[in-house]
Amino acid sequence: MPPRRSGRLKIVEAPCLASTPEVSDSHKKRVSIDFLPDALLLQVLASIEPCQAAERREVLPLVCKRWNLLLQAPSALWESLVLDFCRKDAPHQRLLRSAIQGWMKARGSSIKSLTLKNSSADTTHSFAHNGRSLGNVFTAVAAGLQSLEVENCNDIFTQNTFEDLPKLTQLKKLHISNCRKCLLSSSFDYLRPLSNLQDLRIAGDTDYESVLTTNCLSSFPTALFRLTKLTSLSLSSRGLTDIPTGISALSQLQKLTLDGCNNLKPLPAALCSIKSLQELSLNDIAGSILVQDSICNFTLEKLNLRKSNVHVLGVGLINCTIKQLDVSHNAFAGNAPGLLDKYHHLGLEVLNLNSCQLDTLPAAINAFTALKVLDLGFNGMVDLPDSMANLTHLECLNLQGNCFPILPQALQRLKSLCCLSLVACNYLEIPCWDAIAFFAKWPRLRTIWMWKTDGVEYQSYSKAALQQLKTKLKRKRTRDSTLCYERQDAPDMNIELIMHGLTSSLTLST
């Protein structure tokens, strides 16, 4: 008679064929979370998906004392802190100044980057609207804060707040964006103790300024000339009319941005004395004369003139060298021939003529023999001039959004071409008999993008030609060769092209 079974179920592991001797419980080592180093636990938190990280930081202290102690102490977890007043767990949740100050006081020494956003859109927070309520916050993070960014916080960050900025002695980056308050020039005197400041941005809301008479800046703050370690300076306001010659005191300045300064007068020749200057950005300055005739021997890595009146620019640039020039989104139309004549002596390597209403590319393009990157996207062109054959160093060409019915014959003469974009050329078709012979003209060609916009497809004979070409590229080219002619094969729409140490960004969005 079989033995009677007990009511309890006993689970027994099946022995392994090559089993090892069992270790008794007395010899087993159990590691408690209390003995794990902080660095390891922080690494565990860092591996959590960003969408779940905030929830874990709230739940873990409730279930484990060790996590509670770790998350309350200063650590690398809090190096970057973003306080967005519009992103709250509940719509009616109120951000209390005392709670935020207390939280930062416990962890402030580890905070290196602080971003304040959208307090103007939150009417429930308890911060004072006179600009005086951030002093204690700055005191809590003063020991290690290196970056401060303020965006759309016109209620809590005013010119009075500048009086508390000297507490941030380690600050290297200060960005104030979407400012609708008038900042007096005397306010910038409080920045003088910030001897480590390298990156400064003061940007008004130019759309707001165009409607009202209140400007963020009424003049160029000359107090900034004392910040001799500045490498990047960005000022944006319709109230900015001229640049004083004292700007030459910023001997380490590498990037100067004056976007949206519509009332700006001609730039001073003193800019030429800043030998470290590499990038000058003058976007969205319609109707301004930007350069005086006296500017000469000027060397720049990049000049940005997007959405600006540049018909007169280039006349006063004597013996100047500019490697990258962006004049996109300017309505040149019939002015293009004269425009290119002004630029050919600059030694350009990158030229952006995207969305410039150019029905055809002027023959004067043949003078740009040093070009490596050329962007002609969204101009409605149907053909390209034979003079492009002189662009013997051209490596990257963007023809996105044009109206070519067939591949322009001028392309065959570009022997150095490596990258070609024909995205959104919806009228383009590729004859099967022509595809292999045409693309074989480019011995260095590696990447071709040529899909059409949504709802528009290639004809069947074009698809056959492109598939044949894709097979040919795989056999004859290196492994990094790419031909994308369908959207499902499309790479990232923002493609960064890096060639021979020269970087240029082409936006291939459709």
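One can find the structure itself at the top, above this paragraph.
The structure presented is a predicted model; accordingly, all values stated were derived computationally and were not measured.

A. Here's a closer look at the overall build of the protein. Each helix and strand in the protein was counted, giving nine helices and 18 strands. Residues classed as buried in the protein amount to 46% of the 510 residues present. For the protein, the share of sequence-separated contacts (at least 6 apart) that also reach a separation of at least 24 residues comes to 60%.

B. Layout of unusual backbone geometry. For Asn152, which is not glycine, the phi torsion reads 55° and is therefore positive. For Asn152, a relative accessible area of 22% corresponds to the partly exposed category. Phi is positive for Ala424, which is not a glycine, with a value near 65°. Take Ala424: it is sitting in the loop between strand S14 (419–421) and helix H8 (432–439).

C. Local environment of helix H4 (residues 97–107). For H4, every residue scored as buried is listed here: Ile100, Gln101, Met104 and Arg107. Buried residues of H4 fall within an arc of 140° about the axis and therefore sit on the same side. Exposed residues lying more than 90 degrees from the buried face of H4 are Ser98 and Lys105. The elements touched by buried residues of H4 are helix H3 (65–72), strand S1 (80–84), strand S2 (113–117) and helix H5 (135–141).

D. Examining H3 more closely. Listed in full, the buried residues belonging to H3 are Arg66, Trp67, Leu70 and Leu71. The arc that holds every buried residue of H3, seen down its axis, measures 120°, which confines them to one face. For H3, the exposed residues set more than 90 degrees away from the buried face come down to Lys65 and Leu69.

E. Molecular detail of the pattern of salt bridges. Tallying each qualifying case throughout the model produces 11 salt bridges. Between Lys112 and Glu79 there is a salt bridge; the shortest N-O distance is 3.9 Å. Residue Lys112 is located in the loop between H4 and S2, and its partner Glu79 is located in the loop between H3 and S1; the two are separated by 33 residues in the primary sequence. The partly exposed category is assigned to Lys112, whose relative accessible area is 39%. With a closest N to O distance of 3.0 Å, Glu429 and Lys452 form a salt bridge.

F. Just a nonpolar patch on the surface, in detail. The grouping of Val59, Leu62 and Val63 at the surface amounts to a nonpolar patch, some 320 Å² of accessible area in total. Along the chain, Val63 turns up in helix H2 (residues 50–63). The class for Val63 is exposed, based on a relative accessible area of 63%.

G. Molecular detail of the nonpolar core. In this structure, Leu351, Leu397 and Met450 are the most contacted members of the largest nonpolar core, which totals 128 residues. The contact partners of Leu397, leaving out residues within four places of it in the chain, are Leu374, Leu376, Met388, Leu411, Leu414, Leu417, Cys419, Leu420 and Ser421. One finds Val350, Val373, Cys419 and Ala424 within the second-largest nonpolar core, a separate group that totals 10 residues.

H. The pairing of strand S5 (residues 199–204), seen in detail. In this sheet, S5 lies alongside strand S4 (residues 173–179) in parallel orientation, the contact comprising five bridges. Bridging across to S5, Leu174 finds its partner in Leu200. Relative to strand S6 (residues 232–236), S5 runs parallel, the two sharing five bridges. The partner of Ile202 across the bridge, within S6, is Leu235.

I. The packing of aromatic side chains, seen in detail. A full pass over the atoms with the stated rule returns five aromatic pairs. Seen from their ring centres, Phe157 and Phe162 are 5.9 Å apart, and the 70° between their planes marks the pair as edge-to-face. For the pair shown, Phe157 and Phe162 are each scored as buried. Members of the aromatic cluster, each reached through a chain of ring pairs, are Phe157, Phe162 and Phe188. Here Arg107 stacks its cationic end above the ring of Trp78, 5.6 Å away from the centre of that ring. Between the NZ or CZ atom of Lys452 and the centre of the ring of Tyr458, over which it lies, the distance is 4.4 Å.

J. Structural view of the packing of helix H1 (residues 38–46) against H3. Two elements in contact, H1 and H3, have axes whose closest approach is 11 Å; the angle formed by their N-to-C orientations is 90°. The angle between H1 and H3 falls in the class roughly perpendicular. Contact residues: H1 offers Asp38, Leu41, Leu42 and Leu45, while H3 offers Arg66, Trp67, Leu70 and Leu71. Counted by class, the contact of H1 with H3 contains six nonpolar, no polar and two charged residues.

Calculation criteria
- Residues numbered from 1 in each chain as written.
- Predicted model: local features only at pLDDT ≥ 70, side-chain atom pairs only at ≥ 80, totals over all residues.
- Heavy atoms only, no water.
- Helix = DSSP H or I, 4+ residues; strand = E, 2+ residues; numbered from the N terminus.
- Buried < 20%, exposed > 50% of the residue type's maximum accessible area, 1.4 Å probe, protein only.
- Contact = heavy atoms within 4.5 Å.
- Arc of directions from axis to C-beta.
- Salt bridge = Lys/Arg side-chain N within 4 Å of Asp/Glu carboxyl O.
- Patch = residues over 30% accessible without salt bridge, like charges linked within 9 Å, V, L, I, M, F, W, Y side chains within 5 Å.
- Areas by Shrake-Rupley, 256 points an atom, 1.4 Å probe, with all protein chains shown as cover.
- Core = buried A, V, L, I, M, F, W, Y, C linked by side-chain atoms within 4.5 Å.
- Pairing = 2+ DSSP bridges.
- Phe/Tyr/Trp six-rings, centres within 6.5 Å; stacked < 30°, edge-to-face > 60°.
- Lys NZ or Arg CZ within 6 Å of the ring centre and 35° of its normal.
- Axes fitted to C-alpha atoms, helices over the stretch in contact; angles between N-to-C directions.
- Parallel < 35°, antiparallel > 145°, perpendicular 65-115°, else oblique.
- Nonpolar A, V, L, I, M, F, W, Y, C, P; charged D, E, K, R; others polar.

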